[in-house]
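Fold and contact review
These are the residues of each chain, in order.
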Amino acid sequence: SFLQVSQPIYESRSSGRSAGVYGVMTQMLEEFEAELKTMQKEEVDGQESYKALAAAKEQEIEAGKKKLDEMQAEDAGNAKALSDAKEDLALTREQRSADV
């Protein structure tokens, strides 16, 4: 008869809906897992890039320190040479004054 159904109406409706929901959830899970994998790879790549950049910057810093040391030594030499030249100039002027 029309009113007699082999399974309740709510079961047939809900099983069709739950299959659709399950399919959507499964697809979302697969997308999230793929995104996670991509992001994890990007993170590893980023860490490797950072390490390479940090190593390069460390080398630049060391080269800069070495250059600074060289320039300070050169400056000290120039200061000594300037002091010696001023002293020689003063002595030469004294000698010239004495000769005139």
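Keep in mind that this is a model prediction, so the values were computed, not measured.

1. With respect to a negative patch on the surface
Together, E30, E31, E33 and E35 make up a negatively charged patch on the protein surface. Residue position: E31 is located in helix 1 (residues 9-99). For E31, a relative accessible area of 43% puts it in the partly exposed group.

2. So, the pattern of salt bridges
Within this structure, the stated rule accounts for 4 salt bridges. Across the pair K41 and D45 runs a salt bridge whose closest N-O atoms are separated by 3.0 Å. Here K41 and its partner D45 are both found in helix 1, 4 residues apart, which amounts to about one turn of the helix. Between E62 and K65 there is a salt bridge whose closest N-O contact spans 3.9 Å. One end of the pair, E62, and the other, K65, are both in helix 1, 3 residues apart, so they sit about a helical turn from each other.

3. Quick look at a nonpolar patch on the surface
A cluster of nonpolar side chains, namely V21, V24, M25, M28 and F32, defines an oily patch on the protein surface of about 470 Å² accessible area. Locating V21 in the fold gives a position in helix 1.

Rules and cut-offs
Residues numbered from 1 in each chain as written. Predicted model: local features only at pLDDT ≥ 70, side-chain atom pairs only at ≥ 80, totals over all residues. Heavy atoms only, no water. Patch = residues over 30% accessible without salt bridge, like charges linked within 9 Å, V, L, I, M, F, W, Y side chains within 5 Å. Areas by Shrake-Rupley, 256 points an atom, 1.4 Å probe, with all protein chains shown as cover. Salt bridge = Lys/Arg side-chain N within 4 Å of Asp/Glu carboxyl O. Lys, Arg positive; Asp, Glu negative; His and termini not counted. Charge placed at Lys NZ, Arg CZ, Asp CG, Glu CD. Helix = DSSP H or I, 4+ residues; strand = E, 2+ residues; numbered from the N terminus. Buried < 20%, exposed > 50% of the residue type's maximum accessible area, 1.4 Å probe, protein only.

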